[in-house]
Amino acid sequence: MGYTMDGFRKAVAAAMKPAEEKPAEPAKTLYRVQTGAFTKKANATALAEKLKKAGFDTYIVQSGKYYKVQVGAYSVKANASAMADKLKKAGFDTYITTKGGTAVAAEAPAKKSVDEIAREVIAGKWGNGATRKQKLTAAGYDYSAVQKRVNELLK
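None of these values were measured; they are calculated from a predicted model.

(A) Spotlight on the overall build of the protein. The helix and strand inventory of the protein stands at six helices and five strands. Of the regular secondary structure in the protein, the N- to C-terminal order runs α-β-α-β-β-α-β-β-α-α-α. With 155 residues in all, the protein has 26% of them scored as buried. By sequence separation, contacts in the protein at least 24 residues apart represent 67% of the contacts at least 6 residues apart. By element, 53% of the accessible surface of the protein is carried by carbon and sulfur atoms, the whole surface being about 10,900 Å².

Here it is as structure tokens:
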């Protein structure tokens with residue numbers, strides 16, 4: 001067989017030795033472009049909708065008590081910087097972070113139309129001024145669209 005007894009033992013020992021496990025690949029750093037962090041989910045949802053209307057693919061994660069609105073997760077920081085520049089040019093504040101969070105399920109769209117909400121505003125059901133804006137935004141409505149319709153109905 002071509003082996004000495006000593007060589008045979010070494011060959012058997014080598015064959016029976018468990019294969020060395022490859023070390024786990026280190027976790028790759030992901031750079032996320034964050035456009036806002038809010039304690040109220042409704043505020044994060046409103047910003048996410050605004051970003052989507054502007055053509056950006058966005059998502060919301062929760063980290064601690066904050067709902068963070070983020071765009072992309074890039075393995076190359078230069079790509080995250082390029083997206084941040086694009087967002088800034090579109091009028092959004094940005095912050096590049098390596099922290100993610102737990103994905104937050106999207107909320108159901110508003111149940112009432114802009115026209116219905118505008119009529120409720122005229123009836124006084126949503127308050128006035130800053131209070132109205134805050135209530136509409138917290139409920140997931142686009143304040144500007146509602147106010148525009150209110151102005152149209154009152155002409």
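(B) The arrangement of the nonpolar core in detail. If you look at the biggest cluster of nonpolar residues, it comprises 17 residues, and the most contacted ones within it are Val33, Leu51, Ile60, Val69, Met83 and Leu87. Secondary structure elements with two or more residues in this core: α2 (41-53), β3 (66-74) and α3 (77-89). Val69 has contacts with Val33, Gln34, Thr35, Gly36, Phe38, Ala44, Leu47, Ala48, Leu51, Thr58, Tyr59 and Ile60, leaving out every residue within four places of it along the chain.

(C) Expanded view of a nonpolar patch on the surface. Together, Met5, Phe8, Val12 and Met16 give the surface a local cluster of nonpolar side chains, amounting to about 410 Å² of exposed area. Among the structural elements, Met16 can be located in helix α1 (residues 5-16). The exposed category is assigned to Met16, whose relative accessible area is 66%.

(D) The packing of helix α5 (residues 129-138) against helix α6 (residues 143-153), seen in detail. α6 packs onto α5 with a crossing angle of 125° between their chain directions and a minimal axis gap of 9 Å. It follows that α5 is oblique to α6 by the angle criterion. Contact residues: α5 offers Arg132, Lys133, Leu136 and Thr137, while α6 offers Tyr143, Val146 and Gln147. Classifying every residue of the contact of α5 with α6 gives three nonpolar, two polar and two charged.

(E) Focus on the pattern of salt bridges. Under the defined criterion, the tally for this structure stands at five salt bridges. Its salt-bridge partner being Arg119, residue Asp115 comes within 3.1 Å of it at the nearest N-O pair. With Asp115 and Arg119 both in helix α4 (residues 114-122) and four residues apart, the pair spans about one turn of that helix. Owing to a relative accessible area of 48%, Arg119 belongs among the partly exposed residues under this scheme.

(F) Local environment of α6. Taken together, the buried positions of α6 are occupied by Val146, Gln147 and Val150. Down the axis, α6 shows its buried residues gathered within 95° of arc, on one side only. Turned more than 90 degrees away from the buried face of α6 sit Ser144 and Lys148, all of them exposed. Lining the buried residues of α6 we find α4 and α5. Here α6 starts with a cap whose side-chain oxygen sits 3.2 Å from the backbone nitrogen of Ser144, and that cap is Asp142.

What counts and how
- Residues numbered from 1 in each chain as written.
- Predicted model: local features only at pLDDT ≥ 70, side-chain atom pairs only at ≥ 80, totals over all residues.
- Heavy atoms only, no water.
- Helix = DSSP H or I, 4+ residues; strand = E, 2+ residues; numbered from the N terminus.
- Buried < 20%, exposed > 50% of the residue type's maximum accessible area, 1.4 Å probe, protein only.
- Contact = heavy atoms within 4.5 Å.
- Areas by Shrake-Rupley, 256 points an atom, 1.4 Å probe, with all protein chains shown as cover.
- Core = buried A, V, L, I, M, F, W, Y, C linked by side-chain atoms within 4.5 Å.
- Patch = residues over 30% accessible without salt bridge, like charges linked within 9 Å, V, L, I, M, F, W, Y side chains within 5 Å.
- Salt bridge = Lys/Arg side-chain N within 4 Å of Asp/Glu carboxyl O.
- Axes fitted to C-alpha atoms, helices over the stretch in contact; angles between N-to-C directions.
- Parallel < 35°, antiparallel > 145°, perpendicular 65-115°, else oblique.
- Nonpolar A, V, L, I, M, F, W, Y, C, P; charged D, E, K, R; others polar.
- Arc of directions from axis to C-beta.
- Polar contact = N/O pair within 3.5 Å; in protein donor to acceptor, adjacent residues only side chain to side chain.

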